[in-house]
Amino acid sequence: MAQVLHEIAPEWFSKIWLSKIKLDVGDNWRLKVSNLKKIIEAVTDYYHEFVNQNISFVKPDAVAIGERKDVVEMVKLLQLILGCAVNCEKKHEYIKEIMLMEESIQSVIMQSIQELETLLGSTPMSLSSHLNMGSGRGVDMDDRDCALDTATMDCLKEEIFKLETARDDYRVKLAMREKEMEELQVKFDSLQRAAAEARHLKDEVDILREDADKAEKLESTLKSYKKKLEELSELKREMKLLEEKNLNYVQQTLELEEELKKANVWRTQAEMYKKQYLEARNSLNEETKKSDKIEFENVKLREKFERRSTGKRKIDRRTGFVEGSQRRIVVQ
């Protein structure tokens with residue numbers, strides 16, 4: 001299709017654009033879809049620029065064609081390509097070639113063009129009028145032979161033969177594609193069921209994964225609680241030790257309070273004893289003073305007594321001497 005568009009309007013569908021279309025795509029439907037999107041986008045721009053028509057609302061679905069081989073969407077794309085042919089600069093050549101085809105083929109092509117004109121809501125294409133005029137005048141083959149030389153006729157016949165052969169090939173391929181489509185539809189349905197089952201399994205896996213995550217979180221929480229329980233047991237042991245120490249401290253406090261009470265009693269008694277001691281010491285001092293005074297007076301009296309005793313002894317000696325003298329005197 002890309003090559004056909006390049007031949008129809010090489011000034012728009014250039015070689016540079018054609019080089020962007022990947023040829024060897026095989027059964028890779030994604031590459032097919034990519035090529036189809038490029039073709040559809042280029043055809044849309046062509047209609048907008050050269051035909052002054054917006055075909056966005058009739059754009060074929062590239063995914064439907066490339067992935068599911070949708071016949072309806074394929075026909076829409078072929079109709080748009082046919083519209084490019086009958087509106088390009090070489091449209092008269094293509095129209096002339098179409099008019100030389102069998103009337104049945106002309107009828108099919110005209111019907112396709114009319115359907116496209118109906119979809120676009122205007123009549124930008126002149127092929128249908130050309131075909132109607134050709135059939136209304138009843139131009140016979142002899143007149144055409146007069147208009148075209150023998151070489152052109154042979155070339156056109158050969159081209160028609162190729163087109164008819166290609167048409168038959170396409171019909172065979174279309175039948176094969178339809179069969180493949182049916183098989184692919186069966187596979188697609190099977191894959192859809194498998195996908196649904198896979199989605200269901202995926203949902204179950206997601207649920208199981210969530211459950212596993214929850215279980216892991218619960219296990220982690222359980223470990224945390226176990227650790228907290230161990231710490232709590234340790235705290236209980238420490239609490240018990242602290243309670244025992246507290247009891248000891250309370251007992252010691254009671255004993256200290258009791259001792260303090262005793263100490264207060266002793267302090268009171270000590271203060272009383274101290275007061276008594278002070279009073280006794282004051283009394284002792286007074287008595288000492290009195291004793292010292294008495295002793296002093298006693299010393300004085302003793303001295304006085306000694307002085308008197310000494311005087312008395314002197315007197316006694318004198319008295320004895322006198323008496324002895326008197327006795328001696330008497331004796332004599």
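Here the structure is a predicted model, which means the values were calculated and not measured.

## Some points on the overall build of the protein chain
Part 1 of the argument: Counting its secondary structure elements, the protein chain contains ten helices and zero strands.
Part 2 of the argument: Reading the helices (α) and strands (β) of the protein chain from amino to carboxyl end gives α-α-α-α-α-α-α-α-α-α.
Part 3 of the argument: Per-residue burial for the protein chain yields a buried fraction of 21% across its 332 residues.
Part 4 of the argument: When contacts within the protein chain are restricted to residue pairs at least 6 apart in sequence, those whose partners lie at least 24 apart make up 59%.
Part 5 of the argument: Put simply, the protein chain shows about 25,400 Å² of open surface, and 56% of that area lies on carbon and sulfur atoms.

## A few points about the packing of helix H3 (residues 29-51) against helix H5 (residues 71-85)
Part 1 of the argument: Where H3 meets H5, the closest approach of the two axes is 11 Å, and the angle between their N-to-C directions is 40 degrees. The angle between H3 and H5 places the two elements in the oblique class. In the crossing of H3 with H5, the sense of the turn from one axis to the other is left-handed. Contacts between H3 and H5 involve Leu-36, Ile-39, Ile-40, Val-43, Tyr-46 and Tyr-47 from the first element and Leu-77, Gln-79, Leu-80, Gly-83 and Cys-84 from the second.

## A few points about a negative patch on the surface
Part 1 of the argument: Negative charge collects at one region of the surface, where Glu-210, Asp-211, Asp-213, Glu-216 and Glu-219 lie side by side.
Part 2 of the argument: Along the polypeptide, Glu-219 turns up in helix H10 (residues 150-331).

## Topic: the side chain of Gln-79
Part 1 of the argument: Mapped onto the elements, Gln-79 comes out in helix H5.
Part 2 of the argument: The contact partners of Gln-79, leaving out residues within four places of it in the chain, are Tyr-47, Ser-112, Glu-115 and Leu-116.

## Things to note about the pattern of salt bridges
Part 1 of the argument: For the structure on display, the rule yields five salt bridges.
Part 2 of the argument: One salt bridge connects Lys-59 with Glu-41, and the closest N-O pair in it is separated by 3.6 Å. Note that Lys-59 is positioned in the loop between H3 and helix H4 (62-68) and Glu-41 in helix H3, a separation of 18 residues in sequence.
Part 3 of the argument: Its relative accessible area of 31% is what places Lys-59 among the partly exposed residues.

## What about the nonpolar core?
Part 1 of the argument: Ranked by internal contacts, the top residues of the largest apolar core, which has 30 residues, are Trp-17, Val-43 and Tyr-47.
Part 2 of the argument: Sorting the residues of this core by element identifies helix H1 (2-8), helix H2 (15-19), H3, H4, H5 and helix H7 (103-120) as the ones contributing at least two each.
Part 3 of the argument: With nine residues, H3 is the largest single contributor of residues to this core.

## A word on a positive patch on the surface
Part 1 of the argument: A grouping of Arg-313, Lys-314, Arg-317 and Arg-318 is seen on the molecular surface, where their side chains present a positively charged patch.
Part 2 of the argument: Summarising the element assignment, Arg-318 is placed in helix H10.

## A few points about a nonpolar patch on the surface
Part 1 of the argument: Taken together, Val-71, Val-75 and Leu-174 make up a surface patch of nonpolar side chains, about 210 Å² in accessible area.
Part 2 of the argument: Along the chain, Val-75 turns up in helix H5.

About the criteria used
- Residues numbered from 1 in each chain as written.
- Predicted model: local features only at pLDDT ≥ 70, side-chain atom pairs only at ≥ 80, totals over all residues.
- Heavy atoms only, no water.
- Helix = DSSP H or I, 4+ residues; strand = E, 2+ residues; numbered from the N terminus.
- Buried < 20%, exposed > 50% of the residue type's maximum accessible area, 1.4 Å probe, protein only.
- Contact = heavy atoms within 4.5 Å.
- Areas by Shrake-Rupley, 256 points an atom, 1.4 Å probe, with all protein chains shown as cover.
- Axes fitted to C-alpha atoms, helices over the stretch in contact; angles between N-to-C directions.
- Parallel < 35°, antiparallel > 145°, perpendicular 65-115°, else oblique.
- Left-handed = near helix turned anticlockwise from the far one by under 90°.
- Patch = residues over 30% accessible without salt bridge, like charges linked within 9 Å, V, L, I, M, F, W, Y side chains within 5 Å.
- Salt bridge = Lys/Arg side-chain N within 4 Å of Asp/Glu carboxyl O.
- Lys, Arg positive; Asp, Glu negative; His and termini not counted.
- Charge placed at Lys NZ, Arg CZ, Asp CG, Glu CD.
- Core = buried A, V, L, I, M, F, W, Y, C linked by side-chain atoms within 4.5 Å.

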